[in-house]
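Below, each chain spelled out in residue letters.
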Amino acid sequence: MNLMLPVGLLLAAVFAVSDRSLPAGGVEGTVRTEVKVTTKGATSQRDVVLYLEPKQKPAEAPKPGKARVVQKKLSFEPHVLPLLRGSEVEFANEDQVKHNVFVEAECCKLDVDADKGENKTHVFPQAGEFPIVCRLHPEMTMYVLALETPHFVRVELQKDKELSTDAKAVFSATFKIEDVPPGAYTLRTWNKKLKALEREIVVAEGGLQKVDLVLEK
Ligand SMILES: [Cu+2]
């Protein structure tokens, strides 16, 4: 009986240590593209979403969170919003005029007006790309990108340099996705105009895997 207690304590200590989750890792790198410079396409080419899809289902389902979109100066900010499927989005009208939020997709229909200072919330229960407009100002557009993974980042491509040929320029950004549990993942990209890319990635404990991506039209 005397011996049992220390053994029990020892086991408890061992389990406490092994129960602790492994140190998280991640991925970082650059994303670049070479495209024609047009004022019209500038906005939709600016936003790139990078996300990591786990090869194996995580033991615990990720918890949906909350995100915020602001309607300001007759535009949605951000223009592209990645989120974990099931997350709630608050649309806040910070303009002096009335706005509207309109989603056409079957799963996630929405058509609400919001007076100045008013907020409307909406949940996106399914994964997918959802174009959103304000029906009162059709030039106001944005995208919600609902993902199956909580490991994502949105970056804005910035113009690096102009090329002498064809009025083209190089746009690029650096990115980092951290706090990712170690394991095998597929890294995917999303941009409204540029082709999606994918890379197989192994996230190591406490390390940042380096990746450089070139996106094409
Ligand atoms: Cu509007």
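Residues numbered from 1 in each chain as written. Predicted model: local features only at pLDDT ≥ 70, side-chain atom pairs only at ≥ 80, totals over all residues.

### Notes on the overall build of the chain
Of regular secondary structure, the chain possesses two helices and 17 strands. Residues classed as buried in the chain amount to 25% of the 217 residues present. Across the chain, every contact between residues at least 6 apart in sequence was considered, and the portion connecting residues at least 24 apart equals 60%. (Helix = DSSP H or I, 4+ residues; strand = E, 2+ residues; numbered from the N terminus. Buried ≥ 20, exposed ≤ 12 C-beta atoms within 10 Å, placed from the backbone. Contact = placed C-beta atoms within 7 Å.)

### Things to note about the sheet that holds strand S7 (residues 99-103)
Read from one edge of the open sheet, five strands run S5-S11-S10-S7-S8, paired in mixed fashion. Two strands bound the open sheet, and with one partner strand each, they are strand S5 (80-84) and strand S8 (110-114). Averaged over all pairs of adjacent strands, the angle between strand axes in this sheet comes to 20 degrees, irrespective of strand direction. Both S7 and S8 contribute to a ladder of five bridges, which runs antiparallel. Its bridge partner being in S8, His 99 is matched across the sheet by Ala 114. (Pairing = 2+ DSSP bridges. Axes fitted to C-alpha atoms, helices over the stretch in contact; angles between N-to-C directions.)

### Some thoughts on unusual backbone geometry
Put simply, Glu 77 and Pro 78 share a cis peptide bond, and its omega is 0 degrees. Of note, Pro 78 is situated in the loop between strand S4 (75-77) and S5. The phi angle at Lys 73 is positive, at roughly 50 degrees, despite the residue not being glycine. Among the structural elements, Lys 73 can be located in the loop between strand S3 (66-72) and S4.

### Some details on the nonpolar core
Membership of the largest hydrophobic core comes to 39 residues, with the highest contact counts inside it found for Val 49, Leu 50, Leu 52, Leu 81, Val 144 and Leu 145. Counting only domains with at least three residues in this core, you end up with domain 1 (22-60 + 150-217) and domain 2 (63-148). Residues contacting Leu 81, with those up to four places away along its chain left out, are Ala 67, Val 69, Val 89, Met 142, Val 144 and Leu 145. (Core = buried A, V, L, I, M, F, W, Y, C linked by C-beta atoms within 7 Å. Domains from an automatic or database assignment.)

### Concerning the sheet that holds strand S17 (residues 208-215)
The strands making up a sheet associate through backbone hydrogen bonding, with each pair oriented either parallel or antiparallel. Strand order in the open sheet made by the four strands is S13-S14-S1-S17, with mixed pairing throughout. What marks the edges here is a single partner per strand, and that holds for strand S13 (158-162) and S17. Strand-to-strand twist of the sheet, defined as the mean angle between neighbouring strand axes without regard to direction, takes the value 20 degrees.

### Focus: the environment of Val 112
Note that Val 112 resides in strand S8. Separated by 22 residues in sequence, Val 112 and Cys 134 have C-alpha atoms that sit 9.1 Å apart. Beyond its immediate stretch of four places on either side in the chain, Val 112 contacts Asn 100, Val 101 and Lys 120.

### Some details on the environment of Trp 190
Among the structural elements, Trp 190 can be located in strand S15 (residues 183-190). When the 20 C-beta atoms within 10 Å are taken as the criterion, Trp 190 is described as buried. Leave out the neighbours within four places in its chain, and Trp 190 touches Val 49, Leu 145 and Ala 196.

### A few points about the confidence of the model for the chain
When pLDDT is averaged along the chain, the result is 87; 84% of the residues meet or exceed 70. pLDDT under 50 marks residues 5-20. Its contacts with residues more than four places away, or in other chains, come to zero contacts. (pLDDT = per-residue confidence, 0-100.)

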